[in-house]
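Read off the chains here:
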Amino acid sequence: MIKIISHTIIIILFTVVSQLGGLAWLIALNYKRRILVFIATYCALSLAALWIAPMLGREPLPCISGNALRMQSTVFCILNRQYVVPELKEVLTDYAARMEHDFPNTTTRVLDANFPFVSGFPLLPHLSHDDGRKVDLAFYYEDETGYLPNATRSPIGYFAFEQGPTDCPDNSMTLRWDLAWLQNLWPNYQPEALRMKAGLQWLGDDERVGKVFIEPHLRARYEAQSAKIRFQGCRAARHDDHIHVQL
């Protein structure tokens, strides 16, 4: 009974974080060299998803080969979290190309997107990344030497918050984590104002984009005027470490 419970927990956990990991573990249970079979099966399933998902309406974003547009971390790709619908991929490709054209050597980094299969399948801890129509973008950063084309403050792009005023109460029962103990560990980079302002304006002007979420103090800082650019609410995760874009 204990083995059944433990394997059930593993299957649920692997499914929650990567969608395909639970299936790979379930297959591996039939073999003695379980870990090796799991790794091989998971890799095979993930590679197959790159081919199958586009036939079902989801396309992967560039993990390694992208220049102007690419995933921030290979972790997102290993966990199959780099998929979007073709319409959103087109928006992101156009956006990254425009930013690179207006600001040469600019790289647009993508954080969490969506899983390859099944609309409505939750991509935790996000509340809404479940249909291929939402994606998170990293901020553009600079230091005292200028713009940093391949850098974010945290390795995965999340949880390095830009502090500012908020009307949200201090409530631990939401996803609005402060993670104060982490903040001093990040390098002292700042969002690059010209690119942040231009990027928000471009996203707000694009008729294909439905909503853009960012904290109000950053919306004001970068003079984002579009009604599409709004506050995500106090229950959702903070959006002063990334930009949420959806169709």
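The sections below set out a description of the structure shown in this document. Residue numbers run consecutively from 1 along every chain, following the written order of its sequence. Local features are withheld for residues below a pLDDT of 70 in this predicted model, meaning they are given only at 70 or higher, and side-chain atom pairs are given and counted only at 80 or more; totals for whole chains, interfaces and linings count all residues. As a rule here, side-chain values cover all heavy atoms of the structure and leave hydrogens and water aside.

Of the volumes computed, that of the largest pocket is approximately 480 Å³. Both cavities and pockets are sets of points on a 1 Å grid over the protein atoms alone; in a cavity a 1.4 Å probe fits but cannot get out, in a pocket the set is open with protein on both sides within 12 Å along at least five of seven lines, and lining residues sit with an atom within 4 Å of a point. Taken together, 27 residues make up the lining of the largest pocket; nearest its centre are P125, H126, D136, Y158 and A237. Each helix is a run of H or I in the DSSP string that is no shorter than four residues. Each strand is a run of E no shorter than two, and both are numbered from the N terminus. Listed by contribution, the elements that provide at least two residues to the lining of the largest pocket are α4 (74-78) and β11 (242-246). Each residue belonging to the lining of the largest pocket can be placed in one class, and the counts come to 15 nonpolar, 7 polar and 5 charged. Put simply, the second largest pocket is a space of about 210 Å³. In terms of lining residues, the second largest pocket is bounded by 17 residues, among which T166, P169, R176, D178 and R238 are the most central. Grid points are joined across faces, edges and corners, and a volume is the space filled by probe spheres set on the points. Side-chain classes are defined by residue name, with Ala, Val, Leu, Ile, Met, Phe, Trp, Tyr, Cys and Pro counting as nonpolar, Asp, Glu, Lys and Arg as charged, and the others, Gly among them, as polar.

Ranked by internal contacts, the top residues of the largest apolar core, which has 40 residues, are L61, L88, V135, L137, L200, L203 and I243. Mapped onto this core, the elements with two or more residues apiece are β2 (69-71), α4, α5 (86-102), β5 (134-138), α7 (193-205) and β11. By definition, residues are in contact when any of their heavy atoms lie within 4.5 Å. Residues in contact with I243, not counting those within four places in the same chain, are V135, D136, L137, F139, M196, L200, L203, V212, F213 and I214. Definition of nonpolar core: a set of buried residues of the types Ala, Val, Leu, Ile, Met, Phe, Trp, Tyr and Cys, connected through side-chain atoms within 4.5 Å. Accessibility here uses a 1.4 Å probe with only protein chains present; expressed as a share of the type maximum, an area under 20% marks a residue as buried, one over 50% as exposed, and anything in between as partly exposed.

A word on α5. Its 17 residues give α5 an end-to-end C-alpha distance of 24 Å, which sits within 8% of 24 Å, the value for a rise of 1.5 Å per residue. Buried within α5 we find L88, V91, L92, Y95, A96 and M99. The buried residues of α5 occupy an angular sector of 125 degrees when the element is viewed end-on, so they sit on one face. Against β2, β3 (83-84), β4 (108-110), β5 and α7 lie the buried residues of α5. Here a helix's expected span is defined as the number of its residues, less one, multiplied by 1.5 Å. Note that the arc is computed from the directions linking the helix axis to the C-beta atoms.

Think of an α-helix as 3.6 residues a turn; residues three or four steps apart then line up on the same face. Along its 17 residues, helix α1 (residues 2-18) runs 24 Å from first to last C-alpha, staying within 8% of the 24 Å computed at 1.5 Å per residue. After α1 finishes, the residue Q19 shows a positive phi value of roughly 65 degrees.

Let us look at the pairing of β11. Burial analysis of β11 places 5 of its 5 residues in the buried class, the great majority of the element. Residues H242, H244 and Q246 of β11 are buried on one face, and the alternating residues I243 and V245, pointing to the opposite face, are buried as well. Of the strand pairs in this sheet, β5 and β11 are connected by 5 bridges, and their pairing is antiparallel. Bridge assignment links K134 to a residue of β11, and that residue is Q246. Of the strand pairs in this sheet, strand β9 (residues 211-213) and β11 are connected by 3 bridges, and their pairing is antiparallel. Within β11, the residue paired with K211 across the bridge is Q246. Whether two strands pair depends on DSSP finding at least two bridges between them.

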